[in-house]
Amino acid sequence: MKTVLITGSTSGIGLGIAREFAKTKQYNIVFNGLETNGKEIAESIGKEFGISTIFHGANLMYPEQIYDLANTAINTYGKVDVLINNAGIQYVSPVEDFPDEKWNAIISINLSSAFYLTKAVWKKMKEQRFGRIINIASAHGLVASEFKSAYVASKHGIVGFTKTIALEGAPFNITANAICPGYVKTPLVEKQIDDQAKAHGISREEVISKVMLYKQAVKEFIPVETLGQLALFLASESATTITGTAIPVDGGWNAQ
Ligand code: NAD
């Protein structure tokens, strides 16, 4: 059995990715997230698919909790083969009003936590000559939208980090790739619909059609299963030569 650690896996995209890994029955899964029912979610997926799972509620704002998450995973399963840095938050505001604490939280959770976790699992991956690091960036890792300064900075940052560790990992069969989704209907996006409506002074329906899916050529939210399947492929032995990429899964948004 391989072991996958997925941050922010008790909601949205992370949970969807966890389910795709669970279906293969080839992975132990380390769940993480702030949802208060995280332990139950991990247990119920373990039971449903007959695999071993654990939950660790590390708050990724804090390095010491992040290191404890990594150590717990390694102490429980002996290694982390696949690290998926997925947890992320959003805040939408014109830059002049952007609260300092929101900027700092977004950079910590969306970017710095990936650095701390990568560092913590790197030695084991190197020793075993296998590692897969998959960072859930965003279409906003490749292009910007107004009112999302911290988010866009964090996602561009994680694309740069991905490329760097891809180079460092290559001699050890450690790959690093970023997945750059367009809009996926998760709690994070539900909240953005409201925030964007406020920022632009328009209705929720108008945010969906005129702001969100407006930029995608395919006028559909991205299914979490698509992201889970891609992550599974990137985690596989077949994907050894795919590294340092930022793969758009964005309905053609970045083609324009
Ligand atoms: P979500 O809100 O449904 O899930 C986010 C997860 O991260 C939750 O489990 C939450 O508890 C966890 N989290 C947040 N802050 C945390 C902290 N301090 N410590 C530990 N865990 C924390 O959001 P989602 O839409 O599933 O987003 C997942 C990732 O995908 C994010 O990085 C997001 O930027 C990215 N993304 C989302 C979309 C989209 O349209 N939903 C598009 C592109 C990229």
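Thresholds, definitions, all that
- Starting afresh in each chain, residues are numbered from 1 along the sequence in its written order.
- Where local features are concerned, this predicted model is filtered to residues with pLDDT of at least 70; where side-chain atom pairs are given and counted, the filter is 80 or more; whole-chain, interface and lining totals use all residues.
- Each side-chain value is derived from all of the structure's non-hydrogen atoms; neither hydrogens nor water enter the calculation.
- Throughout, exposure labels follow a simple rule: accessible area from a 1.4 Å probe, protein chains only, divided by the maximum for the residue type, with under 20% read as buried, over 50% as exposed, and the rest as partly exposed.
- In this description a helix means any DSSP run of H or I spanning at least four residues, a strand means any run of E spanning at least two, and both kinds are numbered starting from the N terminus.
- Pairing between two strands is assigned when DSSP locates at least 2 bridges connecting them.
- Buried and open spaces are told apart on a 1 Å grid over the protein atoms alone, a cavity being a set of points where a 1.4 Å probe fits but cannot get out and a pocket being an open set with protein on both sides within 12 Å along at least five of seven lines. Residues with an atom within 4 Å of a point are the lining residues.
- Grid points are joined across faces, edges and corners, and a volume is the space filled by probe spheres set on the points.
- For this classification, the nonpolar set comprises Ala, Val, Leu, Ile, Met, Phe, Trp, Tyr, Cys and Pro, the charged set comprises Asp, Glu, Lys and Arg, and every other residue, Gly included, is treated as polar.
- For this purpose, a residue is taken to be near a molecule or strand whenever a single non-hydrogen atom of the residue falls within 4 Å of it.
- Polar contact is defined as a pair of N or O atoms within 3.5 Å, subject to the rule that within protein one atom must be able to donate a hydrogen and the other to accept it, and that residues adjacent in sequence are counted only when both atoms are side-chain atoms.
- Occupancy of a cavity or pocket is assigned to a molecule whenever over half of its atoms lie within 2 Å of that pocket's grid points.
- Segment limits for the domains were obtained from an automatic or database-derived domain assignment.
- The contact criterion used throughout is that any non-hydrogen atoms of two residues lie within 4.5 Å.
- Buried area is calculated as the accessible area (1.4 Å probe) missing from two parts once they are joined, with the contributions of both summed.
- One side-chain nitrogen of Lys or Arg within 4 Å of one carboxyl oxygen of Asp or Glu is enough to make a salt bridge.
- Multiplying 1.5 Å by the residue count of a helix minus one yields the expected span of that helix.
- Axes, fitted as lines to C-alpha atoms, cover a helix only where it is in contact. Angles between the N-to-C directions of the axes lie from 0 to 180 degrees.

*Asks:* Even after reading the chapter, I still don't get the pairing of strand 5 (residues 131-136), so can you show me in this structure?
*Replies:* The side chains of a regular strand alternate, residue by residue, between the two faces of the sheet. In terms of residue burial, strand 5 counts as a mostly covered element, since six of its six residues are buried. By the alternation rule, side chains of strand 5 split into Gly131, Ile133 and Asn135 and Arg132, Ile134 and Ile136, which are all buried. Examined bridge by bridge, strand 4 (residues 82-85) and strand 5 share four bridges and lie parallel to one another. Following the sheet pairing, Val82 is matched in strand 5 by Arg132.

*Asks:* What's the story with empty space enclosed by the protein in this structure? I'm lost.
*Replies:* Unfilled space is identified by rolling a water-sized probe across the atoms. In this structure the tally under the stated criterion is one cavity of 30 Å³ or more. Reported here for the largest cavity is a volume of approximately 50 Å³. Around the largest cavity sit Thr7, Asn85, Asn86, Ala87, Ile109, Asn110, Ser113, Ala114, Ile136, Lys155 and Ile158, which together line it. Of all elements in the fold, only helix 4 (100-128) and helix 5 (149-169) reach the threshold of two or more residues within the lining of the largest cavity. Looking at the lining of the largest cavity, the element that brings in the most residues is helix 4, giving four residues. Class assignment for the residues of the lining of the largest cavity results in five nonpolar, five polar and one charged.

*Asks:* Just to check I follow, could you spell out the site of the ligand for this structure?
*Replies:* Looking at the ligand, there are 30 residues lining it, with Ser11, Asn86, Tyr151, Val184 and Thr186 nearest. At 2.7 Å, a side-chain N or O of Ser11 approaches an oxygen atom of the ligand. In the model, an oxygen atom of the ligand is placed 2.9 Å from a nitrogen or oxygen of the Lys155 side chain. Mapping the ligand onto the cavity grids shows that it belongs to the largest pocket.

*Asks:* Would you mind going over the domain arrangement of the chain with me for this structure?
*Replies:* Parsing the chain into structural domains produces domain 1 (2-183 + 223-255) and domain 2 (185-221). Taking only C-alpha atoms, the centre of domain 1 and the centre of domain 2 are 24 Å apart. In this assembly, 19 residues from domain 1 lie in contact with 17 residues from domain 2. Of the roughly 1,500 Å² buried where domain 1 meets domain 2, counting both sides, 61% is carbon and sulfur surface. By the criterion of area lost to domain 2, the three top residues of domain 1 are Val92, Tyr183 and Gly251, representing 44% of everything that side buries. Counting every contact that joins domain 1 to domain 2 gives zero salt bridges. Applying the counting rule to domain 1 against domain 2 returns five residue pairs in polar contact (both at pLDDT 80 or more). In the side of domain 1 that touches domain 2, the residues fall into eight nonpolar, eight polar and three charged.

*Asks:* Teacher, can you tell me more about helix 8 (residues 224-235) here?
*Replies:* Think of an α-helix as turning once every 3.6 residues; residues three or four places apart then point the same way. In a regular helix each residue adds 1.5 Å, so 12 residues correspond to 16 Å; helix 8 covers 16 Å between its end C-alpha atoms and thus fits that length. If you check which residues of helix 8 are buried, you get Val224, Leu227, Gly228, Leu230, Ala231, Leu232, Leu234 and Ala235. In this fold, the buried residues of helix 8 make contact with helix 1 (12-24), strand 2 (27-32), strand 4, strand 5, strand 6 (174-181) and strand 7 (246-249).

*Asks:* What should I look at first to understand the sheet that holds strand 1 (residues 2-6) in this one?
*Replies:* Neighbouring strands of a sheet are bound in pairs by backbone hydrogen bonds; such pairs are parallel or else antiparallel. The strand order across the open sheet built from seven strands is 3-2-1-4-5-6-7, with neighbouring strands paired in parallel fashion. In this open sheet, the two edge strands, each paired with only one partner strand, are strand 3 (53-56) and strand 7. Ignoring strand direction, the axes of neighbouring strands in this sheet form an average angle of 20°. As paired elements, strand 5 and strand 6 share six bridges and run parallel to each other. Across the sheet, the residue bridging to Asn135 is Ala178, located in strand 6. In this fold helix 4 packs onto strand 1, strand 4, strand 5 and strand 6, with an angle of close to 175° to the strand it touches most, strand 4. Taken strand by strand, helix 8 contacts strand 2, strand 4, strand 5, strand 6 and strand 7, and its axis lies near 165° from that of strand 6.

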